[in-house]
Amino acid sequence: MTFDELAAQAAPPSERVLRRRYVVRRLLRSPTFLVGAGIVLFWIFMALFSTHVTRFGPLDIDPYHTLKALSRLHWFGTDENGRDVLARTLAGARSVLVVAPLAAVFCLFFGGTIGLISGYYKGYTDEIIMRFVDVLLSLPVIVAAIVVVSAFSSHTQGSPGAQAAVVILVIGILFTPPVARTIRAAVVSEREKEYVQAARLRGERAPFIMVAEILPNILAPIIVEGTVRLGYAVFTAATLSFLGFGVQAPSPDWGLTISLDRTVIQVAWWTVLFPALALASLVVGANLLADGVRKVLSE
Amino acid sequence: MTEDTPFQQEYADHLRHEVLNGHMTRRQLLVRASVIGLSTTAVARLLAACGSKSAGTTAPGTTQPKMGGTLRATMVSPTVAIEPTTMYDTGSIAIAQQVAEYLAWVNNDLTLRPVLAEKWSPDAAAQVWTFNLRKGVAFQDGKPFGADDVVATMNILLDPKTVSAAIASFQGILSPGGVVKVDDATVAFHLDQPNADFPYLVASTNYDCLILPSTYKLGTWQKNPVGTGPFMMTAYTPKQSATFKKNPKYWQSGMPYLDGIQVTFNEQTQAQGLALQAGSVDMMLYTPVQGSQALFTDPNVKVMTAPSTMHRELHMRVDTAPFTDKRVRQALAYSIDRPALIQALFNGKAEIADDNVFFKQYPLAPQDLPDRAQDITKAKALLTAAGMPNGVSATLFVEEYEEIAQYATLLQAMAKPAGINLKLNQVTLTYWYGSGKNQPWLQAPMGITDWTFRGVPDQYFAAFVTNGIWNSSKFSDPAFDAAVKGYLTTVDETKRREYAKTGATILMDATPAIIPYTISVNRAMRQNVQGVTSDPAEFLDLTTAYLA
Amino acid sequence: MLRLIVRRLLFIVPTLLLVSIVIFLLVEVVPGDPGRVKLGPYASAEQVAQVDHQLGFDRPLAQRYVRWLGSFLTLHWGDSWNLGVPVFSLTMQRLWSSAQLAALALVIIIPLSILLGVVAALRRDGIADRIITVTSLSLTVIPEFVSGVVLIVLFAVTIKIFPVSAVAPAGSGPFTRIYHLILPAIPLMFVELGYIARMARAGMIEALDTAYVRTATLKGLPRRRIVVTHALRNALAPTVAVIGTQIGWLVGGLVVVETLFNYPGIGKLMADSATLKDVPVLEATVLVVAAIYMLSNLAADVIVALLNPRVRFGR
């Protein structure tokens, strides 16, 4: 081992590493974060492995035991096709947990890019971009999402992948404005700092400054926005599939199941109650997670 | 009432032999007797000769009907403007049938009840049918009813330009010009070939055959509803409501008992059921099991049931891959667990059917063909024999109607282990039936279509004969065409039974369509509604209805 | 004040125009041939061409848009493809039904949330505060159809205190109709509760901390009077602002709640027309909703300005 390597080993960790360790420690001490993360991780696990955990598969029909109440065999009862409600409730996490996180990533990407450009360049560019962003805000999210998904439905007919892609993109684009605003504000306050001036003086090009210099320093608001948007994305994706604009049967998706089974709510309340509670728990969990992250990162 | 013709008397004798030889039950006897138009005295004599003690089926003694009141009903809305000569959807039919009437009505037990025709009889070859019309009947606008009106209505229905659903039933049997006025109260139908079931084709089961005045102009019915029926339509708002008032000059004296009917349209079964439970309506036209489960246990509601040959036909185009080989079609048929479907979809209120239209309810249908039970191994073997050991894939069009979406979901799950991968494509009724020359249900490679009850299987043949108007599977087999022709043109019951068996066997073997069940039709109403039963075709006859 | 309103209106008009273009493109252009969409894959080319011509699809795009916009502005909204009735009266009818539902929800929840927020602020960091904050925030994030079905299962199916149907029988009096509307209004109230209560609490806390209030307290003025007359007034401004921003979620909530309860409002009309591809209805309802959304945001901002002189005179 050379002297330099030894020296490097003995040197204290950089500021960033220290801060990261501190943040992680604080997160692990925050009950809000822990509960939220716990719930979300539970559902991620279920989205991936539920079929290995439950006795029945989410698509296994049993025509002789339809709409049966809770029993030792079927802990959550059966639906109108005799399918096990517990299996379907646990498996229902999958569709939401594919769409919502991807949508959140997209809106972070779009919103982050717009926020960076708008915040860095100021002036005219900033004005125009933010005006366009405001137009996106002129329609309630659900309404705009319905119109767009319905518009593309004739092209995505028969292809669940394409349908999912449309939903992801729509939610991602519609949530861009709040993300863009937040990032823009963060960029505006970073722009005047020394290291940015230094980079400018060095002759670095604007894109480089935005991505390599500013971006690493605004990770905190980005992460906070991401987790907040995740909660909204879950809400919106589930609402869209409830209204019939998301995934199609026979998927055990929660919104879809509630939409289809509300006709039997009087005789088989379990078919809708359990997916509803599952969805509620995921949404609350995602929001708790976001809350915890926000509290810690804004210290 | 005129005496029976010599042919009718000879036929009565034939029927008596059939019963005494054990080939026909008493119930089947009554049906055939009513079709041939035997007088009631002849029927009574027949029953006595067959060893029956009772005088026949009479309606159970009901309480004294109460006059007055308005019945509030809910049903699905007519899908297009109401035109009796071309209508085919439940809503339009229910509305039109309150105002106009047929020559005869098909009862729940398949016998024929004379309405605008008092009596009918065939000639010796059963090729000329003479109908004696009821006298003293008038349309609601005052115009007297007579032979001219029957001839005019029939000519509209037979005109290819009208595009009536009735044409499919008349194809090859009755042509324009075949309906002849004999005198003001008699009409003769000169058929293209003998037909022993003809009266059904001008009765309610051929639902476009409502008799309209000779002056009627196509397309004007919704604005100016005409007919001889018990109710007059006084208001109609599309997709919303329809209002009817009692016809004070109705030819059945003393009826209808009700003062009027108020219809509210609602597309959703659950909403209809909720309204019924809450008491804001008195009756639901049709109560599918799915979505109405709560009604069956509600003490304020009673559900009347009528066995029916209503069914769903899943056709597979025999000229399109992968269904060109009949073994592939058979494989799908063998992958289905029919009793399971019936249990899941109808809580058991349905009968198993075997992929052919000679349903067991019909008097002449074969009763002893084996049911097709689920056999996944056999299904897989059939696919391998057809050269597709790794299975097949296909897109199934599913019309959004009652339990059909759920049927498709169950079918998809049942077909998978056999190697048949179905992708479901759900479409609306309006899209599926289309209009004019564009009718997806006749063109899609694979789809599920709903078929209503018919008094005789004759009206289903158009789906399977070569170039049949309703042939969505494009099935064509000269042997089947011959069996059908023989069935329709022969009068001898035994021979007809043989032809039916041949036809059923051919269809089961070729399997151009999957027909796993026939549904019993439910009708939910509040306890105080009397004098109405359920109807195998969802038809609504409120002539004897009253509110207790 | 007037300048503020005029400026905002001037902004709304071009935005609405832009929105109308986007909607026109999305509803009439993106799906492709309307003839093909209406008739399906099995129609012949001539039949598709015939329907296209009927709907004016074969004309140039700009011309179609202008004609459509013109007829829209003159209130000639055409007939619904699905229901066959004039779109204008249908939309207005449904709008009125939705307004009743929304009004019921807001009339109950706005005072209630403000009250809860104020109580939480007055008992800051105490148990009442924790409970109110946690409960309201949890209820807010739950999708309306989720809380809706739970409410139906609990209060309409199991313990039958409320009806399952949101539509009262024809001819019912106002109280019966309100009774039927309570269950559908609750999910809307849940969503608004969290935001309004939180804003009221924050505004109240800020107002309580001002020098003015501290002086008044020291001078011995009764606490209640301070709270009601001064602090509350200042807490209201951000609260109203929040209500304004929540209108969007309220509208989305109406769509969901009306669909769940089968209530014939404009939200359900919009969702149905999108599913059934009823083009004239979809275009009309979306534009109406957009206009209402923007105007109610403006109204909320005006109220805020009225309540808060700082905003009124611009920053």
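Please read these numbers as outputs of a predicted model, since none were measured by experiment.

## What to know about the overall build of chain B
Next, step 1: When helices and strands are counted, chain B shows 15 helices and 20 strands.
Next, step 2: C-alpha extents for chain B along the principal axes are approximately 70 × 55 × 50 Å.
Next, step 3: Relative to its 548 residues, chain B shows a buried fraction of 53%.
Next, step 4: In chain B, 70% of the contacts between residues at least 6 apart in sequence involve partners at least 24 apart.

## Quick word on helix α5 (residues 93-121) of chain A
Residue and element names in this part refer to chain A.
Next, step 1: For α5, spanning 29 residues, the distance from its first C-alpha to its last is 41 Å, which sits close to the expected 42 Å at 1.5 Å a residue.
Next, step 2: For α5, a buried count of 21 out of 29 residues is recorded, marking the element as mostly surrounded by other parts of the structure.
Next, step 3: In the segment just after α5, lysine 122 is the residue with positive phi, at about 55 degrees.

## Notes on the pairing of strand β8 (residues 231-237) of chain B
Residues and elements named next belong to chain B.
Next, step 1: Note: β8 against strand β9 (residues 241-246), 6 bridges, orientation antiparallel. For alanine 235, the partnering residue across the bridge sits in β9 and is threonine 243.
Next, step 2: Turn length for the β8-β9 hairpin, with the two strands adjacent in sequence and antiparallel, is 3 residues, and the turn residue lysine 239 shows positive phi of about 65 degrees.

## Looking at the interface of chain C and chain A
Next, step 1: In this complex, chain C contributes 38 residues to the contact, which on the side of chain A involves 34 residues.
Next, step 2: Element by element, the count of residues in the side of chain C that touches chain A is highest for helix α10 (residues 223-261) of chain C, at 8 residues.

## Some remarks on the sheet that holds strand β5 (residues 128-133) of chain B
Residues and elements named next belong to chain B.
Next, step 1: Spatially, β4-β5-β7-β6 is the arrangement adopted by the 4 strands of the open sheet, whose pairing is antiparallel. In this open sheet, the two strands that pair with only one neighbour each are β4 (117-122) and β6 (179-183). Shown here is a sheet whose adjacent strand axes are inclined to one another by a mean of 25 degrees, direction ignored.
Next, step 2: As judged from the 4 bridges shared by β6 and strand β7 (residues 186-190), these two strands associate in the antiparallel manner. Paired with valine 179 across the strands is phenylalanine 189, a residue of β7.
Next, step 3: Contacts from helix α5 (residues 147-158) reach β5, β6 and β7, with the element oriented near 175 degrees to β6.

## Re helix α12 (residues 219-242) of chain A
Residue and element names in this part refer to chain A.
Next, step 1: An ideal rise of 1.5 Å per residue puts 34 Å on 24 residues; α12 measures up with 34 Å between its terminal C-alpha atoms.
Next, step 2: Of all 24 residues making up α12, 19 are buried, and the element is well covered by its neighbours.
Next, step 3: Count one or two residues on from α12 and you reach glycine 244, which has phi positive near 95 degrees.

## As for the environment of B:Ala524
Residues and elements named next belong to chain B.
Next, step 1: Tracing the backbone through its elements, the reader meets alanine 524 in strand β18 (residues 517-526).
Next, step 2: Taking C-alpha positions, alanine 524 is 6.1 Å from methionine 283, a pair spaced 241 residues apart along the chain.
Next, step 3: When sequence neighbours within four positions are dropped, the list of residues in contact with alanine 524 reads Leu276, Met284, Thr287, Ser292, Leu295, Val301 and Val303.

## Considering the domain arrangement of chain A
Residue and element names in this part refer to chain A.
Next, step 1: Under the domain assignment used here, chain A contains domain 1 (23-92 + 272-299) and domain 2 (96-251).
Next, step 2: A separation of 27 Å is found between the C-alpha centroids of domain 1 and domain 2.
Next, step 3: Contacts between the two partners involve 14 residues from domain 1, matched on the other side by 13 residues from domain 2.
Next, step 4: Sorting the residues of the side of domain 1 that touches domain 2 by element identifies α3 (31-53) and α14 (270-297) as the ones contributing at least two each.
Next, step 5: Partitioned by chemical class, the residues of the side of domain 1 that touches domain 2 number 12 nonpolar, 1 polar and 1 charged.

## Describing the interface of chain A and chain B
Next, step 1: On the side of chain B, 17 residues touch chain A, which itself brings 15 residues to the contact.
Next, step 2: A breakdown of the residues in the side of chain A that touches chain B according to their chemical character gives 8 nonpolar, 6 polar and 1 charged.

Conventions and cut-offs
- Residues numbered from 1 in each chain as written.
- Chains lettered and ligands numbered in written order.
- Predicted model: local features only at pLDDT ≥ 70, side-chain atom pairs only at ≥ 80, totals over all residues.
- Helix = DSSP H or I, 4+ residues; strand = E, 2+ residues; numbered from the N terminus.
- Buried ≥ 20, exposed ≤ 12 C-beta atoms within 10 Å, placed from the backbone.
- Contact = placed C-beta atoms within 7 Å.
- Expected span 1.5 Å × (residues − 1).
- Pairing = 2+ DSSP bridges.
- Axes fitted to C-alpha atoms, helices over the stretch in contact; angles between N-to-C directions.
- Domains from an automatic or database assignment.
- Nonpolar A, V, L, I, M, F, W, Y, C, P; charged D, E, K, R; others polar.

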